[in-house]
Each structure stands twice: as structure tokens, then as C-alpha cells.
Amino acid sequence: MSVVKSFYRTIKDRWQSESGYRQVLIIAFPLILSTGSWSVQQFVDRVFLTWYSPEAVAAAMPAGLLNFTIMSFFLGIAGYVSTFAAQYYGANQHQRIGPAIWQGNYVALLGGLFLIGMIPLAEPFFKYVNHAPGVQKNEIIYFQILCLGGFGSIAVSAMSGFFSGRGKTWPILWANIAGTATNLIGDYLLIFGKFGFPEMGITGAAIATILTPVPALIIYAIIFSRPKYNHRYHLLKGWRFEKPLFMRLMKFGVPSGVQFFLDVAGFTAFLLFIGKINPGDVSILAATNIAFGINSLSF
């Protein structure tokens, strides 16, 4: 009995102590739900495309993951803005948080331009991968449209550092929920052509996906433009490019970006390989994509 009481007391102390379980969960819980919203979004995307055509669902995940693999390098760098924001916040150098976020936005600009530069390479790459002709056509369309939305996704990652770095994570959750709702509604309207919208199939799915960061960008822009935040954190005043600060972000962010890139690249290479086992049988790749989509809900 004394062991149970001791264990209970230990848990209680760790729950109530400074930097204990309670404080960690208050900060982490919205981020957990935000990650969950992304998984739900990807799962529903695949379900909608499954209802549309086997070629579309077979193409969506390889092309989508290839796009995300390239983008993950820049996401890893931009995500490091939260570390800078946390350090400046803890050091009471609040006016340096805005410039750090803007350097992350410049990383987003570079990433967006790089992804746009990948658009002409989509057709020769997917022809080399040599999936079934119907899948290949959908892969090219999906990848090229997704490349147009790179800036928004990376910029959202950088701008969210203002909140996560200060331990204020609920705005990130609401922004993610708004983005997920936009994606799901857009998928339904544009894939199947509902309520007067044209039936666009995988093209509609891609358009809905690149619209996902828009609500978050609007929410963050409204918050950043509030005078009290701009005055204290220089969220608008700090828009200038600062080479020393930018290079510091690259110094610490690039290793994070490379690790993120390598993690995602492994999944992408596997899916591309699966599609080459029997290119004439679309069902193999489609089934694999569906299984990956369901599995993503678990983590």
C-alpha cells in the first residue's frame, strides 16, 4: 500500500510542479490535436479519391509525398523559428522575435520558388518512375499543382513559431482546424463537382490542398497586425532581411531540415518502388496508398 501511495504522490508532485506534466500538456495538447487534424485531412483526401477513381488514389500519395519530401527540407528550417522565438522570449528580447519570424518567411519564399522550379521536371520524372499510364498522368497533374502551394505551407510553419515559441499554442490549433475544414469542403466540391462547381477529380483535390494554408495565413496576419503585438514583438516592423540572423537560422535549421527530408524520403522511395512492381495493376499501388492513409491515423 505504501508503494501505491508513494507512486501516487510522485505523480501528483510531477503534475503540479513547475515544468511538470500539467504545464507540458497545456502547451502540447493543441499541437497534438493540430497534428491529428493533418492526419484526418490526408485520410479523408484519400477516401474521396478512392470514391472517384483507382488511378486518382493510386497517384495521390506518391505525388503528394514527393512534393512533401522536397518541401520538408524547408519546413524543417522554417520550423526552427520557434526555437529562436523561445530564446528571445526567455531572454526578454521580445523585439527580436518579429525579425526571426520574417527570416523564416524568407526561407518560405526560397522554398516556394524552388518547388515552382520543380514543375517542369514532373513529367520526365514520373515517366522514369514508369507507373501505369493513367496513374502517371494523375501524378504529374497532382505534383505540379501542389508545387504552386509550397510558399503558403512553409510560411505557416514559420509564423506558427511566434505562438509555439511563447508557449501559446491554441491559435495554432484553431488555424489548423480552419485549414482542415477548407481542405475537406474544397475536396468535396472540386473532386465531385458539387453545388455548381466543375468536377475536377485529382486536379480539384490538389487545388483544395494548396488552399489549406490560406485560413492560417489570414488568422496569423490579423494577429500580427494588432498594434500591441507589433509594438512589443516587431512583427511588422521587423520585415527587413537580416543576413546574420538569416544565416544563424540556416546554421541551426538546415540539419533539422535534412533529418526531416531523409525521414520522409524513405516513405516516398518505398511508395514509388511499389508502383513499379507491376505497373499494369493499378490496384496494388491504390491499396498500398489506402493502407498508408489508414496507418497515418495511428500516429
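Being a predicted model, the structure only gives us computed values, none of them experimental. (Residues numbered from 1 in each chain as written. Predicted model: local features only at pLDDT ≥ 70, side-chain atom pairs only at ≥ 80, totals over all residues. Heavy atoms only, no water.)

## Quick notes on helix 10 (residues 170-192)
Counted at 1.5 Å a residue, the expected span for helix 10 with its 23 residues is 33 Å, and the 33 Å between its end C-alpha atoms agrees. Buried within helix 10 are the following residues: Ile172, Leu173, Ala175, Gly179, Thr180, Asn183, Gly186, Asp187, Leu189, Leu190, Ile191 and Phe192. (Helix = DSSP H or I, 4+ residues; strand = E, 2+ residues; numbered from the N terminus. Expected span 1.5 Å × (residues − 1). Buried < 20%, exposed > 50% of the residue type's maximum accessible area, 1.4 Å probe, protein only.)

## As for the side chain of Ser72
Following the sequence through the fold, Ser72 ends up in helix 3 (residues 54-79). With a relative accessible area of 0%, Ser72 lands in the buried category. Dropping the residues within four chain positions of it, Ser72 is found in contact with Gly257, Phe260, Phe261 and Val264. (Contact = heavy atoms within 4.5 Å.)

## A short note on the environment of Tyr52
Take Tyr52: it is sitting in helix 2 (residues 21-52). On a C-alpha basis, the gap between Tyr52 and Phe292 in space is 18 Å, while along the polypeptide they are 240 residues apart. Once you skip the residues sitting within four places of it in the chain, Tyr52 turns out to touch Ile191, Phe192, Glu199 and Gly201.

## Observations regarding the pattern of salt bridges
For side chains bearing opposite charge, pairing can occur when the charged atoms are close. As enumerated under the stated definition, the model contains two salt bridges in all. In this structure, Glu242 and Arg96 form a salt bridge, with 2.7 Å as the shortest nitrogen-oxygen distance. With a gap of 146 residues between them, Glu242 in the loop between helix 13 (227-233) and helix 14 (243-277) and Arg96 in the loop between helix 4 (81-90) and helix 5 (97-117) connect regions that are remote in the sequence. When the shortest N-O distance is used, the salt bridge between Lys127 and Glu123 registers 3.1 Å. A residue pair is termed a helical-turn pair when its members lie 3 or 4 positions apart in one helix, as Lys127 and Glu123 do in helix 6 (residues 122-129) at four residues. Residue class for Glu123 comes out partly exposed when judged on its relative accessible area of 38%. (Salt bridge = Lys/Arg side-chain N within 4 Å of Asp/Glu carboxyl O.)

## So, helix 11 (residues 202-210)
In terms of burial, helix 11 is a largely internal element, seven of the nine residues being buried. Among all positions in helix 11, only Ile202, Thr203, Gly204, Ala205, Ala206, Ala208 and Thr209 are buried.

## Notes on unusual backbone geometry
You will see that Asn130, though not glycine, has its phi angle at about 65°, which is positive. Examined against the element boundaries, Asn130 turns out to sit in the loop between helix 6 and helix 7 (133-147). With relative accessibility at 41%, the residue Asn130 sits in the partly exposed group. Notably, His234 is not glycine yet its phi reads approximately 55°, a positive angle. Note on placement: His234 falls in the loop between helix 13 and helix 14.

## Considering the layout of surface pockets
By volume, the second largest pocket is sized at about 210 Å³. Lining the second largest pocket are 13 residues, with Trp102, Asn105, Phe151, Met159 and Phe224 sitting closest to its centre. Taken together, the elements giving at least two residues each to the lining of the second largest pocket come down to helix 5, helix 8 (150-159) and helix 12 (213-224). Ranked by residues supplied to the lining of the second largest pocket, first place goes to helix 5 with five residues. Considering only residue class, the lining of the second largest pocket consists of 11 nonpolar, two polar and no charged. (1 Å grid on protein atoms, 1.4 Å probe; cavity = no way out; pocket = protein on both sides within 12 Å on 5 of 7 lines; lining within 4 Å. Points joined across faces, edges and corners; volume = space filled by probe spheres on them. Nonpolar A, V, L, I, M, F, W, Y, C, P; charged D, E, K, R; others polar.)

Geometric descriptors of this kind do not, in isolation, establish any biological role.
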